[in-house]
Every structure is written in structure tokens, then in C-alpha cells.
Amino acid sequence: MIAFALSATVLNYVDRLSFTYLAAHPDLRPLFSDTTFGLMGTAFFAAYTISNGLSGFAIDRLGTRVGYSLSMAVWTTAAALQALARTPLQFGALRFLLGIGEAGNWPAAVKLTAEWFPARERSTASGIFNSGSALGSVIAPPLIAWLGMRFGWQAAFLVVGATGYLWLGAFWLVYRTPASPGQQVEMSPVPARRLLTHRFVIWFTASKFFIDSIWYFITFWIGRYLADAYGWDLLRIGLFATIPFIVADLGNILGGLFTQWLIRGGLAIPRARKLAVSVFGLTMAAALVSGPLVISGPRSALAVLSVAGFGWAAYSANTLAFPADVFPQRAVATVWGLASVGAGLGGAFFQHASGLAVAHLRTTVGVAAAYHTVFVAYGVLALVGLTLVLFPMGPLTRDQTLE
């Protein structure tokens, strides 16, 4: 069952990143300035924000099978339709539709994990399915570069988009919900007002506004960064831009296993989770803040992004288990969706801000230094997000008043 969540997350990122790399195609590159490219990300994350606010509620009510299938159908269709786009406005509209569908992946996968795994194993299970984000980011550059160069950018969009229909057919035929959690689904939902005013939801949402924006910057801007700062072409980007995401994949697995090891050593689950996010959040921040000091070329740049990606992935493997630690299973998709509104808002805001910052700074300090200054800013965001999780969010213990 976790293989479905893993493979869906892989497809999610391949579809999401197809535009990121194909925008470097000679036929498309003239269409997108720095600010226009940033606005493409903003269009995606604006929809992502709206959908996160609704998709969790829908999935908790429709169930994992129907909710996950609906999300996949919307986003894979949007991904394929990008082959028909010809103007930035058309691409922006389809990126918006893509964001509407893709937001449902994480509430559905979090709900699937809560249904199938006990608390002590959830961080590892979450790390496995969330590794699909890094694995998809590893697969996307060489696959999309090869498809785009061999068959053209339209065919590349069609191929990566249509693959989701194969997943959809298999998932619809195979997926089932275990009997005991299924009994909880019949209970009345937790009222939305109680969730929206819950301390955990408020501060976890705020933390995701800052933290998740770091990963979105790495995944959306790495190809453009390597092309602008070091003159890399699509083929070279396809070969080497995978490195940070391979390292991040290790973070997804090792981050979950680290927490599981702490729990087996006798540390209480809430303390183990917060210790783990502290270690990995600081790793992420340190890598990005040190960027201007250690980056001297593309190799060191990829090393910095690799360490930052590892920290983010290991951190996220643990936060994916947070909702099921605090809320009943019938509310976990809703809680994750609400919290991910913060991620969508942060993505929309910081994608546009990144485009404006790079466009402004490249004229004063140069292209590479412009990006490295933005790296430092994202390192500070990591510290802010971590602080919100450690202190105002509160303890990771079950809220018995919601049972």
C-alpha cells in the first residue's frame, strides 16, 4: 500500500518539474524572463494553497481510495495538457490546474499512512512515501531532458502526464482500507471550526509557510540556476541536477529511521520527533546560510543544495507523522491539508519574491551572487520555521478532546 503513495509522489514531482526543465528548451526559453518564470511558480502555488484548504476535508469524507484517485485524475490531465500551451498565460493556467490536483497527494498519503502503520513506524513509512518527492526529482531531469531533446517538448509533456492514468487504474482496482480504521471513518467528522482554531494547526501551518518554501525553491529553480550562473545546457542539467535529489532521498529514509532508533532507545515519541526535526532543520539552515562562503563553482553549489535537500527531506519525514500523533485518523488528511495551506502560500509568495530578487540582484552583484544571496534568505526561513515547531506549536501528544 505504501508503494502506491510512493509511486504517486514520484509522478507528482515528475509532472510538477516537467515545466521547470522544459522551460530551458530552446523553443520555450525566450517566453520566460526571471519574473515570468517566478510567476509560473506562483500560479502553481496559488492553486496549491486553495486546494490544500479543501482537499484534506474532501479526502477525509470521500475516503483514501476515491480522494486519492480524484487528485491523480486532475493533476495528470493538467500535466498532459501543457503540450497544447503556447503562451505564458496558457502555461500559467495549466500550472494553476496542476496545483489544484497535486495538493491532494499529501493529505491522501498521510491518511493512507495513518490507516496502515502504528505510531512508532509512521515516521519511517512517511519517509518512504515522501522519498518519492526526491526520487521524482532525480528521475525528472534526465527523463525530461531526453524526451524534450529527442521528441520535442510537446511529446515530453504528453508522456509524463499520461503515465498517471496507469497508476490511477491500478490504485482503483487494488486499494482497500483496513477494517479497524474503517470503523472510525463512520464517526462524525471533527468540526472544521475546532481544527481551524487548534493551536497545533495554527502554528504548524505557519511553520510550513517558511520551511516548505525552501524545497520548492530548490526544485523549481535548480535548473535555471545552473543555466544562468554556470551556462549549463539542458543535457548537462539533466545529468547533474539529480545529485541533490538523490541525497534528499537518503534524507527521507534516514530521517525516519533516526527517529525510530530514538524511540527504540527509550525516548518518548513526542521528544524523539522534536529532537529529529531540530537536528535536520539546523542542518538545512547551516547549508544554505554558508552558501556564499563555500560555493566556488557548480560542484560546490550542488554540494550545498544536496545538504540542504537532505536536511529538508529528513525533517519532513518526521513532520508527516505529526498529524496522526495529535488527531484521530478521521481528521489527519484534513489537518495536513490545512497545514499545507501555509506551504502553498509560502510557495506562491517566495517563488515570486525569488524571481524579483534574482532579477534585481543580478544587475548589481552578478548572477551567481544573486542566487547565493537568496540561498542565505532561505536559510533564515528554515530557522524561523523550526522555531515555530519547537515552541508555540505545542506538544506532539494526542488531543483526547477530539476523540
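What counts and what doesn't
- Residues numbered from 1 in each chain as written.
- Predicted model: local features only at pLDDT ≥ 70, side-chain atom pairs only at ≥ 80, totals over all residues.
- Heavy atoms only, no water.
- Helix = DSSP H or I, 4+ residues; strand = E, 2+ residues; numbered from the N terminus.
- Contact = heavy atoms within 4.5 Å.
- Patch = residues over 30% accessible without salt bridge, like charges linked within 9 Å, V, L, I, M, F, W, Y side chains within 5 Å.
- Areas by Shrake-Rupley, 256 points an atom, 1.4 Å probe, with all protein chains shown as cover.
- Salt bridge = Lys/Arg side-chain N within 4 Å of Asp/Glu carboxyl O.
- Expected span 1.5 Å × (residues − 1).
- Buried < 20%, exposed > 50% of the residue type's maximum accessible area, 1.4 Å probe, protein only.

A. Quick peek at the side chain of asparagine 52. With respect to the helices and strands, asparagine 52 occurs in helix H2 (residues 34–62). Asparagine 52 has contacts with Ala103, Pro107, Gly337, Leu338, Ser340 and Val341, leaving out every residue within four places of it along the chain.

B. Highlighting a nonpolar patch on the surface. Nonpolar side chains collect at one region of the surface, where Leu62, Val66, Leu70, Trp172, Leu173 and Val174 lie side by side and expose about 580 Å² of accessible area between them. Those elements that provide at least two residues to the nonpolar patch are helix H3 (64–81) and helix H7 (153–174). At three residues, H7 tops the list of elements feeding residues into the nonpolar patch. One can find leucine 70 in helix H3.

C. Structural view of helix H6 (residues 119–151). In a regular helix each residue adds 1.5 Å, so 33 residues correspond to 48 Å; H6 covers 46 Å between its end C-alpha atoms and thus fits that length. At the exit of H6 stands glycine 152, carrying a positive phi of roughly 100°.

D. Here's a closer look at the environment of glycine 385. Within the fold, glycine 385 resides in helix H18 (residues 367–390). Each C-alpha atom of the pair glycine 385 and histidine 372 lies 20 Å from the other, and the pair is 13 residues apart in sequence. Not counting chain neighbours up to four residues away, the residues in contact with glycine 385 comprise Ser207, Phe210, Ile211 and Tyr315.

E. Looking closely at the pattern of salt bridges. Under the defined criterion, the tally for this structure stands at six salt bridges. Between lysine 208 and aspartate 212 there is a salt bridge whose closest N-O contact spans 2.7 Å. Taken together, the positions of lysine 208 and aspartate 212, both in helix H10 (residues 199–230) and four residues apart, correspond to about one turn of that helix. Under the relative-accessibility criterion, lysine 208 is labelled buried at 5%. On the basis of relative accessibility, which here comes to 7%, the residue aspartate 212 falls in the buried class. Of the charged contacts in the structure, one is a salt bridge between arginine 362 and aspartate 228, with a shortest N-O distance of 3.0 Å. Of the two residues, arginine 362 sits in the loop between helix H17 (332–361) and H18 while aspartate 228 sits in helix H10, which places them 134 residues apart along the sequence. When its relative accessible area of 26% is taken as the criterion, arginine 362 is described as partly exposed. Within this structure, Arg224, Asp228 and Arg362 form a network of salt bridges that share partners.

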